[in-house]
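Results of the structural survey
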Amino acid sequence: MSHAADFLGQTTTRLERIAALAEDGGLDAAIALLTDSIAAGGVVHVFGTGHSEAFAMELAGRAGGLIPTNKIALRDLVLRGDEDRSLLGSSLLERDPQIAEKLWALVPASPGDVIVIASNSGVNGSIVGFAVQAKEHGYPVIAVTSLQHTAAVEPKHPSGKRLSEIADVVIDNLAPYGDSTLEVGGIGAGAVSSLTAAFIAQLLTIGTIEKLGQQAAEPPVYISANVPGGHERNQKLEAVYGDRLIRGS
C-alpha cells in the first residue's frame, strides 16, 4: 500500500499538534467544565451525528471513561421517543433543524450538567439546533469541530450560526476542508476527523480524571466489564446516578 506512510504522516502530525495544545493548556477550559460538573454530581451529555457519533462513543460509556456520561444519538427519537423507525431511513435527518427540539426533550439533563457536541462541519441543522436548545436551557456547550471546514461552508440552521459560534468552548479537530488528507488517483481520501476526535475525547477524559483525583475524590471511571468484578463494580457506580444515565441505545 503506497499511501500508508503518507496517511500516517498526515495523522500523526495532527495528533502531535493536539497533544502540544493540551500540554500548553489549550484543553483546560473544557476539562474545567467537565471536572466541575462531575465533582458536583453532574452528568456529561455527548452528541454527534454521522461519523461524529464515534466521538460520543469514545467519550461516553466505555472502559477507561467517565461513568456520568450519556451518548445522545438521533436514533433516540425512535428508541426512546415516539417517532416511527422509518424516520431513520432519511439521510437528511441530521440536517433537519426541527428535530433538535424533539431530541433535546429526551435528554435527562439537570442543572450543573455539561453538553459536548462533535461535528466536523459544524453546520448541520440538527447539530446547531441541539446546541441552541442546550444554550436556551442554560447549559454550557463544548464543541469539537473542524474550524477550517466550518469556515468554508454556509450554516444550514435558520439561526444562520455555526456550532463554533454557539459553544462556550471550541476545540479544533484539525481536519481539513472536506476531511481528505490525501489525493489518490485524483480523488480525495484519507479522512482524519474520526482519529483526531477520538484522541481529543481521550485527552479530555484523562485530563478530567486527573483533575478529579487532585480534589481527593475517587474519579467515577469505568473499568472493563471483561475483567473479574468489573461489571459489578461499574453497576454499583452507575446506580449513584440512577435514571440520569442512558444505557443500551
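Look up a bit, the structure's there.
None of the values given here were measured: they were computed from a predicted structure. (Residues numbered from 1 in each chain as written. Predicted model: local features only at pLDDT ≥ 70, side-chain atom pairs only at ≥ 80, totals over all residues. Heavy atoms only, no water.)

Let's talk about the pattern of salt bridges
Evaluated as defined, the whole model comprises 8 salt bridges. With its nearest N and O atoms 2.8 Å apart, the salt bridge here joins Arg 244 to Asp 113. One end of the pair, Arg 244, is in the segment after α9 (230–238); the other, Asp 113, is in the loop between α5 (99–104) and β3 (114–118), and 131 residues separate them in sequence. Taken as a pair, Arg 244 and Asp 113 share a single burial class, namely buried. With a closest N to O distance of 2.9 Å, Lys 135 and Asp 168 form a salt bridge. Here Asp 168 lies in the loop between α7 (147–152) and β5 (169–172) and Lys 135 lies in helix α6 (residues 125–136), a separation of 33 residues in the sequence. Overall, Lys 135 belongs to the partly exposed group, its relative accessible area being 31%. (Salt bridge = Lys/Arg side-chain N within 4 Å of Asp/Glu carboxyl O. Helix = DSSP H or I, 4+ residues; strand = E, 2+ residues; numbered from the N terminus. Buried < 20%, exposed > 50% of the residue type's maximum accessible area, 1.4 Å probe, protein only.)

Here's the deal with helix α2 (residues 28–39)
Here α2 contains 12 residues, and its C-alpha end-to-end distance of 16 Å stays within 8% of the 16 Å for a straight helix at 1.5 Å per residue. Of all the residues in α2, the buried ones are Ala 30, Ile 31, Leu 34, Thr 35, Ser 37 and Ile 38. Along α2, the residues classed as buried sweep out an arc of 165° about the axis, all on the same side. On its buried face, α2 sits against β1 (44–48), β3, β4 (141–145), β5 and α8 (193–214). In the stretch just after α2, Gly 41 is the one whose phi turns positive, near 90°. (Expected span 1.5 Å × (residues − 1). Arc of directions from axis to C-beta. Contact = heavy atoms within 4.5 Å.)

As for the pairing of β4
Taking burial as the measure, the 5 residues of β4 include 5 buried ones, the bulk of the element. The side-chain alternation of β4 yields two buried faces, one formed by Val 141, Ala 143 and Thr 145 and the other by Ile 142 and Val 144. Relative to β4, β3 runs parallel, the two being bridged by 4 bridges. Pairing of Ala 118 across the sheet is with Val 144, part of β4. Following the chain from β3 across α6 to the adjacent parallel β4, one finds a crossover that is right-handed. The pairing of β4 with β5 spans 4 bridges and is classified as parallel. (Pairing = 2+ DSSP bridges. Right-handed = clockwise from strand over helix to strand, strands pointing away.)

Some remarks on the nonpolar core
Ranked by internal contacts, the top residues of the largest apolar core, which has 28 residues, are Val 46, Phe 55, Val 116, Ile 142, Ile 171 and Leu 204. Among the elements of the structure, α2, β1, α3 (53–59), β3, β4, β5 and α8 are those that each provide at least two residues to this core. Sorting elements by how many residues they give to this core places α8 first, with 6 residues. Sequence-distant contacts of Leu 204, defined by excluding residues within four places in its chain, comprise Leu 27, Ala 30, Ile 31, Leu 34 and Ile 171. Counting residues in hydrophobic clusters, the runner-up holds 26 residues, among them Leu 74, Ile 115, Ile 117 and Ala 143. (Core = buried A, V, L, I, M, F, W, Y, C linked by side-chain atoms within 4.5 Å.)

What to know about the layout of surface pockets
For the largest pocket, the calculated volume is near 310 Å³. Around the largest pocket sit 20 residues that line it, and Thr 49, His 51, Ser 52, Asn 120 and Ser 193 are the ones nearest its centre. When residues of the lining of the largest pocket are traced back to their parent elements, those giving at least two are α3 and α8. With 3 residues, α8 is the largest single contributor of residues to the lining of the largest pocket. Residues of the lining of the largest pocket, tallied by class, amount to 7 nonpolar, 11 polar and 2 charged. Listing elements by their share of the lining of the second largest pocket, those giving two or more residues are α1 (4–23), α2 and α8. Per-element accounting of the lining of the second largest pocket gives the leading share, 5 residues, to α8. Its residues assigned to classes, the lining of the second largest pocket comprises 6 nonpolar, 1 polar and 4 charged. (1 Å grid on protein atoms, 1.4 Å probe; cavity = no way out; pocket = protein on both sides within 12 Å on 5 of 7 lines; lining within 4 Å. Points joined across faces, edges and corners; volume = space filled by probe spheres on them. Nonpolar A, V, L, I, M, F, W, Y, C, P; charged D, E, K, R; others polar.)

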